[in-house]
Amino acid sequence: MVSVTEAVPATTVPAELDDVAFPVARACPFAEPAEYAWARERSPVRKVRVRGGEEAWWVSRLAEGRTVLADPRFSSDRRRDGFPLPGADKAVRERFRSQPPSMIGMDGEQHAAERRALIGEFTVKRLAALRPRVQEIVDGFIDDLLAAPDRSADLVRALALPVPSLVICELLGVPYADHDFFQNCTAKLVSRSTPDDERGRAVDDLRGYLSDLITRKEAEPGDDLFSRQLARRREQGELDRPGLVSMAFLLLAAGHETTANMISLGVVGLLSNPDQLAALRADPGRTPMAVEELLRYFAIVEAATARVATEDVEIGGVTVAAGEGIIVSGLSANRDPAAFPDPATLDIARGARHHLAFGYGPHQCLGQNLARLELQIVFDTLFRRVPTLRLAVPIDEVTFKPDAVIYGAAELPVTW
């Protein structure tokens, strides 16, 4: 385990990385893999072996990463030959080709149209109206937390998972009673250790559930995102049920798993940096900046920024040929010292919002401000109401998910 602010020397990595599969599993929640620092310093746009055996270009620096993500010559369509899908076998690739793409896998005007259809659900005005309800949800789960007779809990189960799950359920119109089902499905989807056949069943189960839910919404619409999308698409004569299921799949899966992991990691980061936590408690006005720094520091969704070139493109002095895959490493880019001085240090006063935690360019995360809202309310409320909160075990005994598609803590024992 590397200490909280200790950088891994790039010199510890051999010159050749041919035997290393990317993305590299994290050995420590506070440090990037040493291979990333080596590649960033010596070969920032480099062809590597991706998990599963294929090759793809690996982008390690922020500047080149932002260039890739803003360039329309790099496609997000996972159905294209050459698109890098770490760890995916032939059956998984065929599944992507056989199903309608969700917004994250669209390009050009198709993507822009889908995004326009949803952007109204995430406006500043709508999120401001949602704030009191999010506060009520957070307070309710912290009430339950504080009621624990032994003053201890697994913060993942007690707070980090249920808060974003309930928020996204209410926003989308998904019955919260079903949250165990979709959490189990998405947990299988984001774990690289899930066998391919089991992952396929999880996809089918979740899509089937959402198809049934949309049928119920057609019969009994409510005041929720799914009902509004159904009404809008019917009015425009474009009710594409498989496409609507793909949209619902993306929003439900992405809307809770990412935020849940950031809540638990944010708590770990602040408890492990007591000077930063003290500064936050002294001035809660710093919470928005603290959220940005935690998002940068942990970079939990590392390879969602995969693309495939549709024509030859020069990036960072090398030519990526048409049909070749490319992955922008969010973790490496967010630790780029050219963009973030002393990047291995957690500094809530940094104030840097140019990180890649939410991606960049046309595909930048649509729900990023909802995630920010939830994180700000959770951290403000938790550390105000539970001022003596601390880890119940040494940090080395906390179970993390080093090999998951979305990084986080599997459990987080705390006491107060």
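Residues numbered from 1 in each chain as written. Predicted model: local features only at pLDDT ≥ 70, side-chain atom pairs only at ≥ 80, totals over all residues. Heavy atoms only, no water.

1. Considering the overall build of the chain
For the chain, the count of helices and strands is 15 helices and eleven strands. A globule of 416 residues ought to have a C-alpha radius of gyration of about 22 Å, and the chain, at 21 Å, matches this closely. Within the chain, the proportion of its 416 residues that are buried is 54%. Excluding contacts between residues fewer than 6 apart, the proportion of contacts in the chain whose partners are at least 24 apart in sequence is 72%. In the chain, the 49 positive side-chain charges and the 60 negative ones have mean positions that sit 3 Å from each other. (Helix = DSSP H or I, 4+ residues; strand = E, 2+ residues; numbered from the N terminus. Rg over C-alpha atoms; globule rule 2.2 N^0.38 Å. Buried < 20%, exposed > 50% of the residue type's maximum accessible area, 1.4 Å probe, protein only. Contact = heavy atoms within 4.5 Å. Lys, Arg positive; Asp, Glu negative; His and termini not counted. Charge placed at Lys NZ, Arg CZ, Asp CG, Glu CD.)

2. With respect to helix H8 (residues 179-190)
Its twelve residues give H8 an end-to-end C-alpha distance of 16 Å, which sits within 8% of 16 Å, the value for a rise of 1.5 Å per residue. For H8, every residue scored as buried is listed here: His-179, Phe-182, Gln-183, Cys-185, Thr-186, Leu-189 and Val-190. An end-on view of H8 places all buried positions within 160° of arc, on one side of the element. For H8, the elements touching its buried residues are helix H6 (155-160), helix H7 (162-172), helix H9 (196-219) and helix H11 (241-271). (Expected span 1.5 Å × (residues − 1). Arc of directions from axis to C-beta.)

3. What about the nonpolar core?
Val-174, Leu-210, Phe-226, Val-267, Leu-382, Leu-389 and Leu-412 are the most contacted members of the largest nonpolar core, which totals 92 residues. The biggest single contributor to this core is H11, with 16 residues. Apart from the residues within four sequence positions on either side, Leu-389 is in contact with Val-267, Leu-271, Leu-382, Phe-383, Val-414, Thr-415 and Trp-416. By size, the runner-up hydrophobic cluster in this structure holds 19 residues, among which are Trp-38, Ala-39, Ala-299 and Val-308. (Core = buried A, V, L, I, M, F, W, Y, C linked by side-chain atoms within 4.5 Å.)

4. Digging into the environment of Pro-29
The topology assignment puts Pro-29 in the loop between strand S1 (21-22) and helix H1 (34-42). A residue is classified by how much of its surface remains accessible, and Pro-29, at 3% relative accessible area, is buried. The sequence separation of Pro-29 and Ile-395 amounts to 366 residues, and the corresponding C-alpha distance is 9.6 Å.

5. A short note on the packing of helix H10 (residues 225-235) against H11
Axis separation between H10 and H11 bottoms out at 12 Å; the angle between their running directions is 155°. Between H10 and H11, the crossing angle belongs to the class labelled roughly antiparallel. Our pair here, H10 against H11, has a crossing hand that is right-handed. Across the interface between the two elements, Leu-225, Phe-226, Gln-229, Leu-230 and Arg-233 of H10 pack against Leu-244, Met-247, Ala-248 and Leu-251 of H11. Its residues assigned to classes, the contact of H10 with H11 shows seven nonpolar, one polar and one charged. (Axes fitted to C-alpha atoms, helices over the stretch in contact; angles between N-to-C directions. Parallel < 35°, antiparallel > 145°, perpendicular 65-115°, else oblique. Left-handed = near helix turned anticlockwise from the far one by under 90°. Nonpolar A, V, L, I, M, F, W, Y, C, P; charged D, E, K, R; others polar.)

6. Quick notes on the sheet that holds strand S2 (residues 45-50)
Judged by pairing direction, the sheet is mixed, and its six strands sit side by side in the order S1-S2-S3-S9-S6-S4 without closing on themselves. The strands lining the two open edges of the sheet, one partner per strand, are S1 and strand S4 (74-75). Across two bridges, the pairing between S4 and strand S6 (residues 306-309) is antiparallel. Note on S6: the bridge partner recorded for Ser-75 is Val-308. Sitting on the sheet, helix H2 (residues 62-70) touches S2, strand S3 (55-59), S4, S6 and strand S9 (325-328), and the angle it makes with S9 is about 125°. (Pairing = 2+ DSSP bridges.)

7. Let's talk about the environment of Ser-76
Note on placement: Ser-76 falls in the loop between S4 and helix H3 (90-98). Along the backbone, Ser-76 and Ala-309 are 233 residues apart, and their C-alpha atoms lie at a distance of 9.3 Å. With near-sequence residues (within four places) excluded, Ser-76 lies in contact with Phe-83, Ile-104, Gly-105, Met-106, Asp-107, Arg-307 and His-363.

8. Topic: unusual backbone geometry
Residue Pro-23 is bonded to the preceding Phe-22 through a cis peptide linkage, with omega at -10°. With respect to the secondary-structure elements, Pro-23 resides in the loop between S1 and H1. The backbone of Arg-151 shows a phi angle near 50°, a positive value even though the residue is not glycine. Within the chain, Ala-299 stands out as a residue other than glycine whose phi angle is a positive 40°. In this fold, Ala-299 is placed in the loop between helix H13 (287-298) and S6.

9. Focus: the pattern of salt bridges
When the charged atoms of two side chains lie near each other, side chains of opposite charge can form a pair. Evaluation of the coordinates by the stated rule reveals 23 salt bridges. Put simply, Lys-401 and Glu-257 hold a salt bridge, and the shortest N to O gap is 3.7 Å. With a gap of 144 residues between them, Lys-401 in the loop between strand S10 (390-391) and strand S11 (413-415) and Glu-257 in helix H11 connect regions that are remote in the sequence. What emerges from the salt-bridge pattern is a single network uniting Glu-121, Arg-126, Asp-223 and Arg-228. (Salt bridge = Lys/Arg side-chain N within 4 Å of Asp/Glu carboxyl O.)

10. Quick look at the pairing of S3
The element S3 is extensively covered by neighbouring structure, given that four of its five residues are classed as buried. Across five bridges, the pairing between S2 and S3 is antiparallel. Bridging across to S3, Arg-49 finds its partner in Glu-55. Linkage of S2 to S3, two consecutive antiparallel strands, is achieved through a turn of four residues, within which Gly-52 is found at a positive phi near 105°. Of the strand pairs in this sheet, S3 and S9 are connected by three bridges, and their pairing is parallel. Bridge pairing in S9 links Trp-58 to Ile-327.

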